[in-house]
Amino acid sequence: MSETGQLKEKLAFGSLEVRVLEVRELPVHLFVVRYELAEKTTEIKKHASATHTFQDVLNFKIMRMHGDVEVEAWHKHKLFKDKMVGYFRIPLRELENQEVLNGWFPLSQPDKTKIASPHTSEKSEEDK
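Treat the numbers as computed from the prediction; the structure is a model and nothing was measured.

**Student:** Any chance you could explain the pattern of salt bridges here in plain terms?
**Tutor:** Where charged atoms of side chains with opposite charge meet at close range, the side chains can pair. The full count for this structure, using the stated rule, is six salt bridges. Across the salt bridge formed by Glu17 and Arg19, the nearest N and O atoms sit 2.7 Å from each other. For Glu17, a relative accessible area of 43% gives the class partly exposed. Exposure remark for Arg19: the relative accessible area of 53% places this residue in the exposed category. In this structure, Glu70 and Arg89 form a salt bridge, with 3.5 Å as the shortest nitrogen-oxygen distance. Here the residue Glu70 occupies a position in strand β5 (residues 68–75), and Arg89 occupies one in strand β6 (residues 83–91), the gap between them amounting to 19 residues.

See below:
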């Protein structure tokens with residue numbers, strides 16, 4: 001491990017584990033989870049059906065208990081650009097006194113000012 005890696009490890013407050021388990025009544029191929037500058041994605045499902053089981057576990061190192069964890073749901077298109085179906089945010093301060101936060105989280109409509117396809121920096125047609 002490099003010196004930079006060791007420094008980051010020493011400065012880390014702890015770790016954050018995000019588990020994406022299931023989606024209901026929404027054709028989703030993948031989820032993108034962001035915390036601070038880190039971005040991770042779930043496994044991409046080949047076929048978007050109304051109900052999917054994901055069972056993905058995404059781990060993040062956290063420096064301090066602030067900011068939000070952002071989770072975006074994406075529908076992949078073969079002929080068109082990928083489309084964000086919705087998103088939700090969880091403020092880390094809600095987790096301060098809890099070890100686990102379980103629940104179904106409803107998706108909000110996508111924020112058109114920051115819609116970009118996962119893995120690219122291209123803006124959607126709505127943003128141009």
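So much for the structure itself; the text now carries on.
**Student:** Help me understand the pairing of β5 in this model?
**Tutor:** It is a general feature of regular strands that their side chains alternate between the two faces of the sheet. Burial analysis of β5 places seven of its eight residues in the buried class, which makes it a mostly covered element. Sheet topology places strand β2 (residues 30–35) next to β5; six bridges connect them, and they run antiparallel. Bridged to Phe31 within β5 is Ala73. In this sheet, β6 lies alongside β5 in antiparallel orientation, the contact comprising eight bridges. If you follow Asp68 over to β6, its bridge partner there is Pro91.

The rules behind the values
Residues numbered from 1 in each chain as written. Predicted model: local features only at pLDDT ≥ 70, side-chain atom pairs only at ≥ 80, totals over all residues. Heavy atoms only, no water. Salt bridge = Lys/Arg side-chain N within 4 Å of Asp/Glu carboxyl O. Buried < 20%, exposed > 50% of the residue type's maximum accessible area, 1.4 Å probe, protein only. Helix = DSSP H or I, 4+ residues; strand = E, 2+ residues; numbered from the N terminus. Pairing = 2+ DSSP bridges.

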